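# Summary of structural features
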Amino acid sequence: MSLYGRYAFVQYPVLERVFEPLLPVVSAYRSVPFASFVAFFALYLLAVRNPNFSRFIRFNAMQAVVLDVLLDVLVLPLLVQRVFTPGRGIGFKILIVGYNCMFALLVGCFHYCLASCIVGRTPYLPFVAEAAGRQL
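The structure reproduced in this document is the subject of the present report. Keep in mind it's a predicted model, so treat the numbers as computed, not measured.

## Things to note about helix α4 (residues 35-48)
- Taking 1.5 Å as the rise per residue, α4 with 14 residues should run 20 Å; its terminal C-alpha atoms sit 18 Å apart, in good agreement.
- When we look at burial in α4, the residues that qualify are Ala 35, Ala 47 and Val 48. For α4, the arc enclosing every buried residue in end-on projection is 120°, short of the 170-degree limit, so these residues lie on one face. Those residues of α4 that are exposed and angled more than 90 degrees off the buried face are Phe 37, Val 38 and Leu 45.
- Against the buried residues of α4 lie α3 (23-31) and α5 (55-73).

Okay, structure coming up:
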């Protein structure tokens with residue numbers, strides 16, 4: 001289901017059942033060519049640069065854009081995996097740990113931001129919030 005969560009889902013099948021309701025949305029998103037590219041620019045141009053939205057919404061949208069860019073930069077482990085193709089051994093174990101840590105970080109960021117927004121506070125993710133604040 002997720003690029004970073006695929007090894008966690010294999011190791012912990014109960015985790016896959018938790019995320020199963022999102023599967024139709026993720027499948028539809030992945031079935032559209034260039035969906036991430038369109039979503040990135042739509043979010044940036046329609047939400048972040050729109051002065052009609054409150055600063056709270058624009059800041060959270062900008063944090064999402066910055067986090068997306070960071071994730072694209074952090075896809076480098078995927079490139080390393082394709083170049084070196086660690087099929088077993090210590091390289092493969094390091095790759096699994098890296099993917100599982102990235103997935104846990106993403107889920108943690110999502111829950112932190114969701115809880116902060118429900119409470120009415122602005123979520124401040126380290127480094128991400130600073131970069132988002134500079135863009136507004």
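## Quick notes on the packing of α5 against helix α8 (residues 128-135)
- Orientation of α5 relative to α8, taken along the N-to-C sense of each, is 120°, at an axis distance of 8 Å. In terms of their interaxial angle, α5 and α8 are classed as oblique. As α5 runs across α8, the sense of the crossing is right-handed. Counted together, Phe 59, Met 62, Gln 63, Val 66, Leu 67 and Leu 70 of α5 and Val 128, Ala 129, Ala 131, Ala 132, Gly 133 and Gln 135 of α8 form the full contact between these two elements.
- When its residues are assigned to classes, the contact of α5 with α8 shows nine nonpolar, three polar and no charged.

So, how was this worked out
Residues numbered from 1 in each chain as written. Predicted model: local features only at pLDDT ≥ 70, side-chain atom pairs only at ≥ 80, totals over all residues. Heavy atoms only, no water. Helix = DSSP H or I, 4+ residues; strand = E, 2+ residues; numbered from the N terminus. Expected span 1.5 Å × (residues − 1). Buried < 20%, exposed > 50% of the residue type's maximum accessible area, 1.4 Å probe, protein only. Arc of directions from axis to C-beta. Contact = heavy atoms within 4.5 Å. Axes fitted to C-alpha atoms, helices over the stretch in contact; angles between N-to-C directions. Parallel < 35°, antiparallel > 145°, perpendicular 65-115°, else oblique. Left-handed = near helix turned anticlockwise from the far one by under 90°. Nonpolar A, V, L, I, M, F, W, Y, C, P; charged D, E, K, R; others polar.

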